[in-house]
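Architecture at a glance
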Amino acid sequence: PRACQVLPTACSILRGRVEVEGILHGKRSGQVSLLKLEAGTRLVPHYGTVNWRYTAHLGLLVPDDVWMHAGNESRQYRQGEVLVLDDSFLHSVEHNGTGPRVTLFAN
């Protein structure tokens, strides 16, 4: 995948790990990818598909004023920091900043 061309070390660490790419409880257990969100974008509130895993978002390129809302909490994305959540809770993202937000996503 293209993300592995950009982040070969991350891919080599995560590739093949049952916790990330395997089958658990009869379902695909996860993925690793780069997520890009353009300025002015809002992801509508949504739920993940299972309640037995967490998702992690490592901020690689993060302008100011990009937020994740989950349950009754809100957290600002920050470059170099990880946001972790149980995505079975209702969550959304709003990008009020300028320029794209890029995260390394793993679940």
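Whatever comes next refers back to the structure up there.
Here's a quick rundown of the structure. As the structure is a computational prediction, the values presented were derived from the model and not from experiment.

Observations regarding the environment of Asn96
- Note that Asn96 resides in the loop between β9 (91-95) and β10 (101-106).
- Ignoring anything within four residues of it in the chain, the contact list for Asn96 reads Arg42, Asp65 and Trp67.
- Within polar-contact distance, the side chain of Asn96 engages the side chain of Glu94 at 2.9 Å.

Let's talk about the sheet that holds β9
- Sheet architecture is open: four strands sit in the order β4-β9-β6-β7, paired in antiparallel fashion. Across the chains shown, the open sheet's two edge strands, defined by having one partner strand only, are β4 (42-46) and β7 (73-76). Along the sheet, successive strands turn relative to each other by an average axial angle of 15 degrees, direction set aside.
- Where β4 and β9 come together, three bridges link them in antiparallel fashion. The residue of β9 that forms the bridge with Leu43 is Val93.

Reading the values: the criteria
- Residues numbered from 1 in each chain as written.
- Predicted model: local features only at pLDDT ≥ 70, side-chain atom pairs only at ≥ 80, totals over all residues.
- Heavy atoms only, no water.
- Helix = DSSP H or I, 4+ residues; strand = E, 2+ residues; numbered from the N terminus.
- Contact = heavy atoms within 4.5 Å.
- Polar contact = N/O pair within 3.5 Å; in protein donor to acceptor, adjacent residues only side chain to side chain.
- Pairing = 2+ DSSP bridges.
- Axes fitted to C-alpha atoms, helices over the stretch in contact; angles between N-to-C directions.

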